[in-house]
Every structure is written in structure tokens, then in C-alpha cells.
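# Coordinate analysis (summary)
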Amino acid sequence: MTAPASPPAPGTAPQVAKGLDSVIADETRISEVDGQRCELIYQGYHLDELVGKASYEEVSYLLLYGALPTRQQLAGWTAQLNTHRSLQPEMVAALTQFPRTARPMAALRTAVSLLGLYDTEADEEPVEVFYRKAVNAIAKTPTIVAAIGRLRQGQPPVAPQPELSHAANFLHMLHGCAPSVEQGQALDAYFVLLADHGFNASTFTARAVASTKSDYYSAVCAAVGSLKGPLHGAANRKAMEMLEEIGAPEKVEPYVQKTVADHKRFMGFGHRVYKGPDPRAKHLKEYARRLGEHRGEMKWFAISERLQEAVWNAKKLYINVDFYSASLLHYLDIPTELFTTMFACARIAGWSAHIIEQAANNRLIRPLALYTGPRNLRFVPIDQRPS
Ligand code: ACO
């Protein structure tokens, strides 16, 4: 157990770490986000070691179990994912009843909650049971997202195809046809790149909920709610909307000037931890470029590249993970409104690993607050209060 921080010396003001900036809240073996070196490590593997070599199936196993799977372990893990991919008819019926106006992340949050309702082990505590819940959620999240996407277009959900990879199967379930090899590889790399990222806001949210000994699905629901925010996961959707608003490469510079003048934020730029380039961004850029070439439609990549340069010149801001995610996902014909749910499809592996790690070595997460409100007020009966 970690020793609690010492109280401030008498007469000194306690320090407030606004936004928990630079606070080390716990230990983890799952991933390291090195803000100075601008490196991301999954269970000892530098991200550059994994991207394009390890599939999402291997990386999700790595995050959960701490080692890359053997051939036999991978076959078993893939078989488990395949077994859990299909949604119960009750789940499909419920998704069909969601209002068409519901935003996809709100629909996903509700659907994860429903997963908990239909899991008879949802409230069982042993950590071993958490692994079964993790398989269920990692397998079903893409099925849910594809179904949400299709139902919003007035189309029925498409059943999973067990012979396809996790990523290719998603594209099949969304579009109703098998993707090309390039498309499957790009989405697989996207899932690998976004699978985990230390104590980011949604993962920390999941751990905080797990620390109360609440159930796995409640922790994931809360994480989805946290990811939904534009300063976190919704930045990929906002980045695409920004590219669409710009519309053409030659309109980039006036857009940047106006955004700076209006003191607005560039979505997909900046990062709390990285003091230099986000290590995921260069890979996403390369996959976005390849997909653009594959489609013979470089417009979105060209706008992105010019914007990256113009924002650097104007504000010295680096791109983050969400910036090239936007054109990558767009080139996969994923509707912009679904972008943040795609992030959730990847991050569900990291959330699950962190919930399990928290549960296995738990201490209630309960920080202090510095009270700055009034004191010593006297109670005034309601009929004597000023109206
Ligand atoms: N565009 C314009 N200015 C920015 C941006 C940006 N994207 N990011 C930071 N800044 C500026 C701020 O305006 C601020 O300037 P000021 O001191 O003159 O007011 C300064 O940089 C520091 O900003 P903070 O918000 O305090 O920095 P923080 O570390 O809290 O911000 C954050 C990190 C929230 C990611 C921020 O960079 C941002 O809002 N980016 C846009 C949203 C985004 O892309 N989010 C995804 C992050 S990655 C992820 O969660 C998956």
C-alpha cells in the first residue's frame, strides 16, 4: 500500500493539482505514457514494435494477460471472441427501440448498461469473473456500434462473420460487405494504436468506479460517458467536422488565422502529457495516407497535412491521436457521428485491463478537495430570506 501524502506544513497553503495535472495516482503494469520521451509502451512493448505486426486480437490479449499469446492461446482467445460477438435477440430488440435522435455515444453507453443487465454474472466479484466480462464486452462493443450505425440508416444489423478478423468483421457488420485487405489492416492498426493509454480520463473514470467495488459494466458505462467529451474521445469527430468546414487545402491558412483570432481550439491538437509529438499520430497519418491513395481521394489527407503545418506555424501545437484518426475513419466510410464509438471499440481492451488491475489490488479512489466556499453562515428561516 502506498503511503498517503504528508499534510502541508502549518501556515503553508495546500497545493491544488487542478485537473490532477502531473499527479501519480497509482501504479500500473498495463501501459506507460512517457510525456518527455513521447513514447507509449504496452506491457513492455514499445508501440512501434507492435503496430503493423500484432493484430488487435494479440494486443487485447497482451493488455489483459500481460504477455503476447502463443499460437494456441491466440486461437483460444479468438474463439472466445467469436463465441461472444453476437448480440442476444433482446439486445437487438432494445437497440431497435432507441430513438433515431439519440447520439451514438449515448446509445453505446445505454447498450453497455444493457449488456450488464443480460449478464447473469454481472455483480459477481472474483477477478476471474471480470475476465469473462471483458471478453464479452470486447467482443460485443463493435457489434453494438455496427448495429447502432446501421439502425440509424434504417438498415437491419448484420451478423458477425467468424472467419474475419476483429477489425475486418467490424467493417463487414457496418457496411454489409467484406472490406479490402488495406481497409482491414488500417482499422486493425487503428484499434491497436488506441487500445490503451495510461490513466487517461476515461480509464481513470473506469478505475474510480471499479475502486468502489461496483460492477464491471458500471465502470465501462462511466468510461464511455467520459470518452464522449470533446476534450477526450469526441475530438476525432470534431476534427473531421473541422476538416469538412475547411473544405479545401487552400482554405486552411484563413481558417487557422480566424480560429487563432477567435481564441478557439483546434481539435486533434495538443496533449496534457506529451511534450512533443504524440507517438500514435505518425502511424495514423501513414495509414490515412495509404487509405487515401487506395481510394484515389487525397483531399482529406491533403487538408490535414496542410492544417498540421499551419497550426504548428501559428501555435506550435502538435497533433494528437485524434487528428489523423479523422481522415483514416472517414476513408473507411465510417459516418462521422460514429467516430467516438470507434475509439470506444479500441479502448474497451484497455478499460477492461485497468478495471481488472484495479480490482485485483484495490484501494478506494477518494481524493481531497480544498474548500473555498463561505464559512460560519447562520441558518435563516425560509420566510425571512430575501426574495
Ligand atoms: N487549440 C488551441 N489552443 C490550444 C489547444 C488546441 N487544441 N490545446 C491547448 N491549447 C492552448 C490553450 O488555449 C492554452 O493556452 P492559454 O494558456 O493561452 O490559454 C494552453 O494551450 C494550455 O491549454 P490547456 O487546456 O490548459 O492544456 P491541457 O493540457 O489541459 O489540454 C487538451 C489538453 C484538453 C487535450 C487540449 O490540448 C485541447 O483542448 N485539445 C483539443 C481537444 C483534443 O484534441 N482532445 C483530444 C486529446 S487526446 C485524447 O483525449 C484522446
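Everything numeric here is computed off the predicted structure, so don't read it as measured data.

Taking strand neighbours across the sheet as the criterion, the three strands line up as S1-S2-S3 in an open arrangement whose pairing is antiparallel. In the strand order of this sheet, the two ends are held by strand S1 (31-34) and strand S3 (45-46), each with one partner. Note that S1 and strand S2 (residues 39-42) share four bridges and pair antiparallel. For Ser31, the partnering residue across the bridge sits in S2 and is Tyr42.

Here the protein is described as being made up of domain 1 (44-230 + 343-360) and domain 2 (235-331). Between the C-alpha centres of domain 1 and domain 2 there is a distance of 26 Å. Taken together, the contact pairs 20 residues of domain 1 with 20 residues of domain 2. Counting the surface lost from both domain 1 and domain 2, the interface buries some 1,600 Å², and carbon and sulfur atoms represent 65% of this.

Once that is clear, we can look at the packing of helix H2 (residues 56-65) against helix H16 (residues 339-360). For any two helices packed against each other, one specifies the crossing angle of their axes together with the interaxial distance. Their axes nearest at 8 Å, the elements H2 and H16 cross at an angle of 20°. Taken together, the axes of H2 and H16 lie roughly parallel to each other. The two elements H2 and H16 meet at a crossing, and its hand is right-handed. Residues Tyr56, Ser60, Leu63 and Leu64 of H2 pack against Cys345, Ala346, Ile348, Ala349, Gly350, Ser352, Ala353 and Ile356 of H16. By residue class, the composition of the contact of H2 with H16 is nine nonpolar, three polar and no charged.

Another point: the pairing of S2. Adjacent in sequence and paired antiparallel, S1 and S2 are bridged by four residues, among which Cys38 carries a positive phi angle near 60°. Bridge count between S2 and S3: two bridges; the pairing is antiparallel. From the neighbouring strand, Tyr42 faces S3, where its bridge partner is Tyr45. Hairpin remark: S2 followed by S3, antiparallel, with two residues in the connecting loop; positive phi at Gln43, about 45°.

Leu187, Tyr190, Leu307 and Ile334 are the most contacted members of the largest nonpolar core, which totals 113 residues. If one sorts the elements of this core by residue count, helix H6 (residues 127-152) sits on top with 13 residues. In this structure, this core is formed jointly by two domains, domain 1 (44-230 + 343-360) and domain 2 (235-331), each of which donates at least three residues. Discounting residues that sit within four places of it in the chain, Ile334 has contacts with Phe170, Leu171, Leu174, Leu329, Phe339 and Met342.

Attention now goes to the site of the ligand. Of all residues adjacent to the ligand, which total 19 residues, the nearest are His232, Arg265, Phe266, Gly268 and Phe269. Here a nitrogen atom of the ligand and a backbone polar atom of Leu231 are 3.1 Å apart. Here an oxygen atom of the ligand sits 2.9 Å away from a polar atom, N or O, in the main chain of Gly268. Its free accessible area being 910 Å², the ligand has 65% of it covered by the protein chains. Of the residues assigned to the shell around the ligand, the class counts are nine nonpolar, five polar and five charged.

A few words now on the state of the cysteines. Disulfide: a covalent bond formed between the sulfur atoms of two cysteine residues. Per the counting criterion, the structure on display carries zero disulfides. Note on Cys177: no disulfide assigned, nearest cysteine sulfur contributed by Cys345 at a separation of 18 Å.

The final tally for this structure, using the stated rule, is 15 aromatic pairs. Consider the rings of Phe301 and Tyr324, whose centres lie 5.8 Å apart with planes at 40°: the pair is tilted. Placement of Phe301 in helix H14 (residues 299-315) and of Tyr324 in helix H15 (residues 321-331) is noted, with a sequence separation of 23 residues between them. In this pair, the class of Phe301 matches that of Tyr324, namely buried. Among the aromatic residues, those joined into a cluster by ring pairs are Tyr255, Phe266, Phe269, Phe301, Phe323 and Tyr324. The ring of Tyr287 carries the charged tip of Arg290 above its face, separated from the ring centre by 4.7 Å.

Running from N to C, H2 and helix H3 (residues 71-84) cross one another at 100°; their axes reach a closest spacing of 10 Å. Comparing the axis directions of H2 and H3 gives the class roughly perpendicular. In contact with Glu57, Glu58, Ser60, Tyr61, Leu64 and Tyr65 of H2, H3 contributes Gln73, Leu74, Trp77, Thr78 and Leu81. Here the contact of H2 with H3 is built from residues that sort into six nonpolar, three polar and two charged.

Now for the environment of Ala349. Considering the arrangement of structural elements, one finds Ala349 in helix H16. Leaving out residues up to four positions away in the same chain, Ala349 has contacts with Tyr56, Ser60, Leu63, Leu64, Ile138 and Ala195.

Before going further, it helps to examine H6. With 26 residues, H6 should cover 38 Å at 1.5 Å per step; its first-to-last C-alpha distance of 36 Å lies within 8% of that length. With 22 of its 26 residues buried, H6 lies for the most part within the structure.

Rules used throughout
- Residues numbered from 1 in each chain as written.
- Predicted model: local features only at pLDDT ≥ 70, side-chain atom pairs only at ≥ 80, totals over all residues.
- Heavy atoms only, no water.
- Pairing = 2+ DSSP bridges.
- Helix = DSSP H or I, 4+ residues; strand = E, 2+ residues; numbered from the N terminus.
- Domains from an automatic or database assignment.
- Contact = heavy atoms within 4.5 Å.
- Buried area = accessible area lost by both parts, 1.4 Å probe.
- Axes fitted to C-alpha atoms, helices over the stretch in contact; angles between N-to-C directions.
- Parallel < 35°, antiparallel > 145°, perpendicular 65-115°, else oblique.
- Left-handed = near helix turned anticlockwise from the far one by under 90°.
- Nonpolar A, V, L, I, M, F, W, Y, C, P; charged D, E, K, R; others polar.
- Core = buried A, V, L, I, M, F, W, Y, C linked by side-chain atoms within 4.5 Å.
- Buried < 20%, exposed > 50% of the residue type's maximum accessible area, 1.4 Å probe, protein only.
- Near = heavy atom within 4 Å.
- Polar contact = N/O pair within 3.5 Å; in protein donor to acceptor, adjacent residues only side chain to side chain.
- Areas by Shrake-Rupley, 256 points an atom, 1.4 Å probe, with all protein chains shown as cover.
- Disulfide = S-S within 2.5 Å.
- Phe/Tyr/Trp six-rings, centres within 6.5 Å; stacked < 30°, edge-to-face > 60°.
- Lys NZ or Arg CZ within 6 Å of the ring centre and 35° of its normal.
- Expected span 1.5 Å × (residues − 1).

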